[in-house]
Amino acid sequence: MNIPLQSTLPKTYRIKDIVQNTPMVRTLTFEGSIGAKPGQFVMVWLPGLDEIPLSVAFDDGAETKLTFFAVGDFTHALAARQVGDLVGLRGPFGTYYTWEPGEHIVMVAGGYGAAPMYFVAHEAVSHGCTMEVIVGARSKEHLLYIDELQALEHISVHVVTDDGSEGRKGFTTDILREIIAACKIGDPTCKDGKPVHQIFACGPELMLKKVFDMAEEFGIPAQISMARYMKCGYGLCGSCTLEPLGIRLCVEGPILKSDVLRHV
């Protein structure tokens with residue numbers, strides 16, 4: 001495998017801005033682009049501590065954003081970094097979401113999956129796509145990127161929480177079923193005359209399984225972000241292998257399409 005040098009060695013990026021999204025989640029904005037596409041991830045390196053994978057929340061060619069949940073030693077150390085500090089980034093790695101201009105796409109974002117899905121929505125609408133974005137979380141304090149998504153054109157945002165503290169009470173898949181049941185491919189009565197061409201999803205694996213099963217039920221192609229712990233980023237260590245196919249999610253994933261997911 002021919003691995004570009006810029007992907008195998010970390011490069012330092014300076015923190016330009018910090019946003020505290022929730023008590024445990026923050027977004028770091030770095031000066032400069034890492035060249036990521038929606039759905040890809042980077043390896044984040046703190047010298048003397050560790051290196052971990054994080055999904056890219058945004059990359060517009062001028063700056064890069066990473067949104068993360070401070071839950072372990074590494075992420076707490078990353079959360080302690082200040083504006084002006086340097087952090088090592090390596091990548092981008094993996095596959096990414098794809099679409100055709102003008103498609104009508106339903107996106108399902110569960111929990112912290114809302115951050116990378118904002119990146120997807122931002123890029124897709126720039127290609128003339130219309131989006132139904134379903135954002136779910138346990139409760140209102142865990143919701144992410146709602147304001148940012150609502151600020152985009154050609155997007156309808158549907159908010160749902162397990163406890164009903166914000167938006168509808170229930171689950172993301174409840175709203176998904178309602179949307180696609182009324183808007184199947186080829187159905188001339190679908191909303192605004194726009195069938196659902198694809199379903200994208202990112203979030204907890206149980207939710208992803210339900211989303212995929214529903215996409216299959218209605219015959220709609222799906223692209224789903226499958227998370228495993230990536231250690232190397234270029235398919236050598238095998239830690240992110242998805243059985244029974246032996247797919248290395250850092251190379252053949254993390255974004256998998258329906259034709260692959262049917263065999264997992």
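Small disclaimer: the values here were computed from a predicted structure and weren't measured.

Student: Report on the pairing of strand β7 (residues 104-110), specifying residues and quantitative values.
Tutor: On a regular strand, one side chain projects to one face of the sheet and the next to the other, so that they alternate. Counting buried positions along β7 gives seven out of seven residues, so the element sits mostly inside the fold. With burial as the criterion, each face of β7 is covered, one bearing His104, Val106, Val108 and Gly110 and the other bearing Ile105, Met107 and Ala109. With seven bridges connecting them, β7 and strand β8 (residues 130-137) associate as parallel partners. Residue pairing across strands places valine 108 opposite isoleucine 134, the latter belonging to β8.

Student: Describe empty space enclosed by the protein, and please don't skip the residues or the numbers.
Tutor: Scanning the entire structure with this criterion turns up one cavity of 30 Å³ or more. The calculated volume of the largest cavity comes to roughly 30 Å³. Considered class by class, the residues forming the lining of the largest cavity number five nonpolar, three polar and no charged.

Student: Can you explain the pairing of strand β9 (residues 155-161)? Please cite residues and give values.
Tutor: One ladder, built from seven bridges, connects β8 with β9; its direction is parallel. Each residue of the ladder has a partner; that of glycine 136, found in β9, is valine 160. Pairing between β9 and strand β10 (residues 168-169): two bridges, direction parallel. Across the sheet, valine 160 pairs through a bridge with arginine 168, a residue of β10.

Scoring rules and cut-offs
Residues numbered from 1 in each chain as written. Predicted model: local features only at pLDDT ≥ 70, side-chain atom pairs only at ≥ 80, totals over all residues. Heavy atoms only, no water. Buried < 20%, exposed > 50% of the residue type's maximum accessible area, 1.4 Å probe, protein only. Helix = DSSP H or I, 4+ residues; strand = E, 2+ residues; numbered from the N terminus. Pairing = 2+ DSSP bridges. 1 Å grid on protein atoms, 1.4 Å probe; cavity = no way out; pocket = protein on both sides within 12 Å on 5 of 7 lines; lining within 4 Å. Points joined across faces, edges and corners; volume = space filled by probe spheres on them. Nonpolar A, V, L, I, M, F, W, Y, C, P; charged D, E, K, R; others polar.

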